[in-house]
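Listed below, chain by chain, are the residues.
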Amino acid sequence: MKERQLHKDTKVIHEGYNDKDFGGSLTVPLFQTSTYSFDDARQGERRFSGEEEGYIYSRLGNPTVHVLEERIASLENGGGALAFGSGMAAVSTLLVHLTKSGDHILCTRGIYGCTFGLLKIMAEKYNITHDLVQMGTEEEIEKAIRPETVCIYVESPINPTMELVDLHAVVNVAKRHGLRVVVDNTFSSPYLQNPLSIGADFVLHSATKYINGHGDVIAGLLIGKEKDEIEKIRLTIQKDYGGIISPFDAWLLIRGLKTLPVRMERHSSNAEKLINYLKKEKLVDEIFYPFDPDNPLYEIAKRQMRAGGGLISFTVKGGKEAAQLFLDSLSLIKIAVSLGDAETLIQHPATMTHSSVPEQDRLQMGITDSLIRLSVGLEHAEDLIADLESAFRIVEASVSERA
Ligand code: LCS
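The structure displayed is predicted, hence computed values, not measured ones.

Focus: the overall build of the protein chain
Across its full length, the protein chain holds 16 helices and 12 strands. Taking 22 Å as the expected radius of gyration for a compact globule of 403 residues, we find that the protein chain reaches 22 Å, a close match to that expectation. Seen through its C-alpha atoms, the protein chain measures out along the principal axes to roughly 80 × 50 × 45 Å. Buried residues in the protein chain amount to 53% of all 403 residues. Put simply, of all contacts in the protein chain between residues at least 6 apart along the chain, 72% involve residues at least 24 apart. Surface accessibility of the protein chain: about 17900 Å² in total, with carbon and sulfur atoms responsible for 52%. Once the 43 positive and 56 negative side-chain charges of the protein chain are each reduced to a mean point, those two points are 2 Å apart.

Printed below as a string of structure tokens:
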């Protein structure tokens, strides 16, 4: 009988785990151990030489982490996956794997602030250079490729501007030039977008965000098209740089992941209600949301994403002062970086997540002092709208007082 492909909603709960292998334990057991004893010295020798499969030491592999890796690989339609102690550990491990001194990385014109910081370190210390470019068309991408370019590094939607990049266009160009494509899929989660299915080679996640979903873990995931390459990274850069996840954090991610589809549906429907409200607010200038029919890139969003997700960016009239007063005037919505949690979080990218990016680069990324990023949580939309509304009215009163 042909094996039927399970839906993602089922895979997040069952993939990569057979309870019968673990005494019928319904949930995945937590293997909180640093090492594993061998039956005898010869077995230790065989495990180290690769002659015999089995666990050696938890930096090289752990049964709880293994279930998480199998599950996420399947959800992203990949051949294999690795779990890390942070999203940045996943990003840095992959970029070290893909590059050597003299190479060049082509990036979307916006990237997360610490990824920008990592690229700066790589340029200054190891002569691995990069360019941040707008990837609006295939021609635009093609023009930016240099003889030394080895990979295209993409965020879509881009943190924090929510600008979209056409993944099909990126993959087309990369194929013509023999370049690897890396997509940081943090903002979409594997439920809304699967870049490997479009032709990317690697997908990254800050699992701190939607994958965990509960604001209590820092973690990263890397998924690759080819299992062999992922296993090579496991036994070289991940092993020797050592940015692995703890078994307990992997266990929490397995728990969080089970509700990813229902959470993403709710994040998306809440966000749509909030943009409908924000569109009517006179203190709001521009709104950036993938599934907004007024978004000029809506067609791209529909082609590569299942729904818009929970992140909205918008600009407020009155610049930094108004933006900060707006944040300070909220009560239910928390002022915090991070995203993808049950709680709605709001932040000011210019002075928070992207404050380490020099002003000129920041402005080129589209991060002005008026930009605010909202991570819409799972609360009732009416309560969130009421909180936003009362904060806007405080800002309005302050502006008219000064006028
Ligand atoms: N990639 C993206 C797109 C991110 O947004 C982040 C973190 C990372 C990678 C790094 O992941 P981490 O090491 O924190 O798990 N983004 C954050 C943000 O926007 N606010 O706080 C952290």
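Quick look at the site of the ligand
The environment of the ligand is made up of 18 residues, and the closest members are D184, S206, T208, K209 and R373. Between D184 and the ligand, the recorded distance is 2.6 Å, taken from a side-chain N or O atom to a nitrogen atom. Contact distances for the ligand include 2.9 Å between a nitrogen atom and a side-chain N or O atom of K209. Within the complex, 92% of the 480 Å² of free accessible area of the ligand lies under protein. Residues belonging to the shell around the ligand are distributed by class as follows: 6 nonpolar, 8 polar and 4 charged.

A closer look at the side chain of H104
Along the chain, H104 turns up in strand β2 (residues 104-108). For H104, the side chain forms a polar contact with the side chain of D131, separated by 2.9 Å. Here T149 takes part through its side chain, which lies 2.8 Å from a polar atom of the side chain of H104. Excluding residues that lie within four positions of it along the chain, H104 makes contacts with T129, H130, D131, A144, R146, E148, T149, V150 and C151.

A word on the packing of aromatic side chains
Between two aromatic rings, the relevant description is the distance of the centres plus the angle of the planes. Counting across every chain of the model gives 9 aromatic pairs. With a centroid separation of 5.8 Å and an interplanar angle of 80°, the aromatic rings of F291 and Y298 are classed as edge-to-face. In this structure F291 comes out as buried when scored by relative accessible area, which is 14%. Taking relative accessible area as the criterion, Y298 reaches 19% and is therefore assigned buried. By way of ring pairs, the aromatic residues Y277, F314, F326 and F392 are connected into one cluster. One cation-aromatic arrangement involves R306 over Y191; the distance from NZ or CZ to the ring centre is 4.0 Å.

Observations concerning unusual backbone geometry
Peptide bonds are mostly trans, and most non-glycine residues show a negative phi. Residue P157 is reached from S156 by a cis peptide bond, and omega for that bond is -5°. Put simply, N159 and P160 share a cis peptide bond, and its omega is 0°. Tracing the chain through its elements places P160 in the loop between β4 (149-155) and α7 (167-177). Residues other than glycine seldom take positive phi values, yet S189 does so here, at roughly 70°. Structurally, S189 is set in helix α8 (residues 189-192). The residue S338 is not glycine, and still its phi comes out positive at about 80°.

Focus on the environment of S390
With respect to the helices and strands, S390 occurs in helix α16 (residues 381-402). Residues S390 and S331, 59 residues apart in the sequence, show an inter-C-alpha distance of 9.2 Å.

With respect to the pairing of strand β6 (residues 202-206)
A large share of β6 lies buried, amounting to 5 of its 5 residues. Judged by which residues are buried, β6 turns out to be covered on both faces: F202, L204 and S206 on one side and V203 and H205 on the other are all buried. Pairing geometry for strand β5 (residues 180-184) and β6, over 3 bridges, is parallel. What sits directly across from V183, in β6, is V203. Note: β6 against strand β7 (residues 220-224), 5 bridges, orientation antiparallel. Bridged to H205 within β7 is L221.

Observations concerning the domain arrangement of the protein chain
The domain boundaries assigned to the protein chain delineate domain 1 (8-30 + 61-101 + 143-152 + 176-257) and domain 2 (261-402). Computed over C-alpha atoms only, the centres of domain 1 and domain 2 are separated by 28 Å. Each side of the interface is counted separately: domain 1 has 20 residues, and domain 2 has 20 residues. Across the domain 1/domain 2 interface, buried area totals approximately 1700 Å², and carbon plus sulfur atoms make up 60% of it. Looking only at domain 1, the three residues that lose the most surface to domain 2 are Y191, L192 and Y210, adding up to 46% of its buried area. Remark: the boundary between domain 1 and domain 2 carries 0 salt bridges. Where domain 1 touches domain 2, the interface holds 9 residue pairs in polar contact (both at pLDDT 80 or more). Elements with a minimum of two residues in the side of domain 1 that touches domain 2: α1 (8-14), α8 and α11 (247-257). Looking at the side of domain 1 that touches domain 2, its residues break down into 8 nonpolar, 9 polar and 3 charged.

Reading guide: rules and limits
Residues numbered from 1 in each chain as written. Predicted model: local features only at pLDDT ≥ 70, side-chain atom pairs only at ≥ 80, totals over all residues. Heavy atoms only, no water. Helix = DSSP H or I, 4+ residues; strand = E, 2+ residues; numbered from the N terminus. Rg over C-alpha atoms; globule rule 2.2 N^0.38 Å. Buried < 20%, exposed > 50% of the residue type's maximum accessible area, 1.4 Å probe, protein only. Contact = heavy atoms within 4.5 Å. Areas by Shrake-Rupley, 256 points an atom, 1.4 Å probe, with all protein chains shown as cover. Lys, Arg positive; Asp, Glu negative; His and termini not counted. Charge placed at Lys NZ, Arg CZ, Asp CG, Glu CD. Near = heavy atom within 4 Å. Polar contact = N/O pair within 3.5 Å; in protein donor to acceptor, adjacent residues only side chain to side chain. Nonpolar A, V, L, I, M, F, W, Y, C, P; charged D, E, K, R; others polar. Phe/Tyr/Trp six-rings, centres within 6.5 Å; stacked < 30°, edge-to-face > 60°. Lys NZ or Arg CZ within 6 Å of the ring centre and 35° of its normal. Pairing = 2+ DSSP bridges. Domains from an automatic or database assignment. Buried area = accessible area lost by both parts, 1.4 Å probe. Salt bridge = Lys/Arg side-chain N within 4 Å of Asp/Glu carboxyl O.

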